[in-house]
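# Survey of secondary and tertiary structure
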Amino acid sequence: GMVFKDISTKFRVDDSLYVVDQFKLKAFDGAINTSAVYDTRQDTQIIISFKNIIERMDIHRLLVEGNNFDQDDFTSDNITGLLTSEVDGRIVFTDSFDVVFDKMIVKGDFKLENGGIFNYEPLEELSKKPIPGLKDLDSLLFQTLVSQVFIYKNEIYFPKTDIITNATDISA
């Protein structure tokens, strides 16, 4: 099972506003620091704002111990490495807890070190394109993979990804 250590947090509860600040813990050989605000001050919507920082977490171990979070699109069989990330966002819900996708904003910076991506179909499809240095991407071993994601008005953007491997450096 999952083991969490050194858990601490600060919190504040006001009328219709709930704040969890610096919820810190150590897990999967790394550390997490999360802050979130749950805002129900408006009658017609609920807003959750958050900031999450992960430092050098073993992503493979997280997925194994989390039973791949009951999904099979991207599993522990597909990835290894140490994850460092910073994700900030705001998610708006209706008063019946449906996500208002066109009001969602999420920005994430991700770095994966000393790892690999294995047997992942979107990556294998990429290797079929005529891109110099890319071929046979059923396995991609890397020293560093750096990427960003941005979600705004129901669209997902990946501005830039840098991959540094023993064989080549790729920026896309």
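Summarised in this report is the structure supplied together with it. (Residues numbered from 1 in each chain as written. Predicted model: local features only at pLDDT ≥ 70, side-chain atom pairs only at ≥ 80, totals over all residues. Heavy atoms only, no water.)

## Quick notes on the overall build of the chain
Broken down by element type, the chain carries two helices and ten strands. Residues counted as buried form 33% of the 172 residues belonging to the chain. Residue pairs in contact within the chain that sit at least 24 positions apart in sequence constitute 48% of those at least 6 positions apart. Accessible area for the chain stands at about 11,100 Å²; split by element, carbon and sulfur atoms hold 54% of it. (Helix = DSSP H or I, 4+ residues; strand = E, 2+ residues; numbered from the N terminus. Buried < 20%, exposed > 50% of the residue type's maximum accessible area, 1.4 Å probe, protein only. Contact = heavy atoms within 4.5 Å. Areas by Shrake-Rupley, 256 points an atom, 1.4 Å probe, with all protein chains shown as cover.)

## What about the nonpolar core?
Counting 19 residues, the largest nonpolar core has Met57, Ile59, Leu112, Phe142, Leu145 and Ile163 as its most contacted members. Secondary structure elements with two or more residues in this core: strand 2 (17-27), strand 4 (45-58), helix 1 (59-65), strand 5 (79-94), strand 6 (105-118) and strand 7 (139-152). Those residues in contact with Met57, other than ones at most four positions away along the chain, are Ala27, Phe28, Gly30, Ala31, Ile32, Leu62, Gly81, Leu82 and Leu83. (Core = buried A, V, L, I, M, F, W, Y, C linked by side-chain atoms within 4.5 Å.)

## Some details on a nonpolar patch on the surface
Together, Met2, Phe4, Ile7, Phe11, Val13, Tyr18, Val20, Phe23 and Phe69 make up a nonpolar patch on the protein surface, roughly 870 Å² of accessible area in all. For the nonpolar patch, the secondary structure elements donating two or more residues are strand 1 (5-14) and strand 2. Checked against the element boundaries, Ile7 lands in strand 1. (Patch = residues over 30% accessible without salt bridge, like charges linked within 9 Å, V, L, I, M, F, W, Y side chains within 5 Å. Salt bridge = Lys/Arg side-chain N within 4 Å of Asp/Glu carboxyl O.)

## Re unusual backbone geometry
The residue Asp6 is not glycine, and still its phi comes out positive at about 50°. Residue position: Asp6 is located in strand 1. Exposure remark for Asp6: the relative accessible area of 55% places this residue in the exposed category. Backbone geometry places Asn114, a non-glycine residue, at a positive phi of 50°.

## Some details on the pattern of salt bridges
Throughout the structure, instances matching the rule amount to eight salt bridges. Here Arg41 and Asp39 are joined by a salt bridge, their closest N and O atoms 2.7 Å apart. Sharing partners across several salt bridges, the network here consists of Asp29, Arg61 and Glu65.

## A closer look at the pairing of strand 7
Pairing analysis gives 13 bridges linking strand 6 to strand 7, with the strands arranged antiparallel. Residue pairing in the sheet places Val106 in a bridge with Ile151 of strand 7. With four bridges connecting them, strand 7 and strand 9 (residues 161-164) associate as antiparallel partners. In the sheet register, Thr144 faces strand 9, and the bridge partner there is Ile164. (Pairing = 2+ DSSP bridges.)

## A short note on the packing of aromatic side chains
The relation between two aromatic rings is expressed through the spacing of the ring centres and the mutual angle of the planes. By the definition in use, this model includes four aromatic pairs. Between Phe74 and Tyr120, the aromatic rings sit 4.6 Å apart at their centres with planes inclined by 80°, giving edge-to-face as the arrangement. Of this pair, Phe74 sits in the loop between helix 1 and strand 5 while Tyr120 sits in the loop between strand 6 and helix 2 (121-126); the two residues are 46 residues apart in sequence, bridging distant segments of the chain. Here Tyr120 falls in the partly exposed class, since its relative accessible area comes to 26%. Seen from their ring centres, Phe150 and Tyr152 are 6.1 Å apart, and the 20° between their planes marks the pair as stacked. Using a relative accessible area of 36% as the deciding quantity, one classes Tyr152 as partly exposed. (Phe/Tyr/Trp six-rings, centres within 6.5 Å; stacked < 30°, edge-to-face > 60°.)

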